[in-house]
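# Topology and contacts: notes
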Amino acid sequence: MDTIVLGPGDIEQAHQPDEFLRVDRLRPTVDLLRALVREFCLRPESDGAR
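Reference entry: report on the structure contained in this document. Residue positions within a chain follow its written sequence, with the count starting from 1. Where local features are concerned, this predicted model is filtered to residues with pLDDT of at least 70; where side-chain atom pairs are given and counted, the filter is 80 or more; whole-chain, interface and lining totals use all residues. No hydrogens and no water enter the side-chain calculation; it runs on all heavy atoms of the structure.

### Here's the deal with the layout of surface pockets
We apply this condition: For each structure, a 1 Å grid was placed over the protein atoms alone; sets of points admitting a 1.4 Å probe that cannot get out are labelled cavities, open sets with protein on both sides within 12 Å along at least five of seven lines are labelled pockets, and lining residues have an atom within 4 Å of a point. Grid points are joined across faces, edges and corners, and a volume is the space filled by probe spheres set on the points. Polar here means any residue other than Ala, Val, Leu, Ile, Met, Phe, Trp, Tyr, Cys and Pro, which are nonpolar, and Asp, Glu, Lys and Arg, which are charged; Gly is therefore polar.
Computed from the structure, the largest pocket encloses a volume of approximately 180 Å³. In terms of lining, the largest pocket is formed by Val5, Leu6, Gly7, Pro8, Gly9, Asp10, Ile11, Gln13, Ala14, Glu19, Phe20 and Leu21. Here the residues of the lining of the largest pocket sort into seven nonpolar, three polar and two charged.

### Examining a nonpolar patch on the surface
Stated precisely, the cut-off is as follows: Grouping into patches uses exposed residues only, defined as over 30% relative accessible area, and leaves out salt-bridged ones; the cut-off is 9 Å for like charges and 5 Å for nonpolar side chains (Val, Leu, Ile, Met, Phe, Trp, Tyr). Every accessible area reported is derived by Shrake-Rupley at a probe size of 1.4 Å, with residue values counting cover from the shown protein chains alone. By definition, a salt bridge exists where a carboxyl oxygen of Asp or Glu is found within 4 Å of a side-chain nitrogen of Lys or Arg. Only DSSP runs of H or I covering at least 4 residues are called helices, and only runs of E covering at least 2 are called strands; the numbering of each starts at the N terminus.
The grouping of Ile4, Leu6, Leu32, Leu33, Leu36 and Phe40 at the surface amounts to a nonpolar patch, some 570 Å² of accessible area in total. Topologically, Leu33 is positioned in helix α1 (residues 26-42).

### Some words on the pattern of salt bridges
Selection rule: Remark: exposure states derive from per-residue accessible area (1.4 Å probe, protein chains only) relative to the maximum for the residue type, with buried under 20%, exposed over 50%, and partly exposed in between.
Tallying each qualifying case throughout the model produces three salt bridges. Two residues, Arg25 and Asp10, come together in a salt bridge whose shortest N-O distance is 3.5 Å. Of this pair, Arg25 sits in the segment before α1 while Asp10 sits in the segment before α1, placing them 15 residues apart in sequence. Exposure remark for Asp10: the relative accessible area of 36% places this residue in the partly exposed category. Here Arg22 ties to Asp24 by a salt bridge, and the two come within 2.8 Å at their closest N and O atoms. With a relative accessible area of 45%, Arg22 lands in the partly exposed category. For Asp24, a relative accessible area of 49% corresponds to the partly exposed category.

Take a look at the structure:
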């Protein structure tokens, strides 16, 4: 199964004692998640194939 790691920020900082997240990284992630929901959860399939 293919997987991805997705989220705002830098993976090198994730789950570290000094972890932080710049506020300007949030909006692009929210936009991406909304686009994924629209594509895979809300758009009707036209021919049943993806």
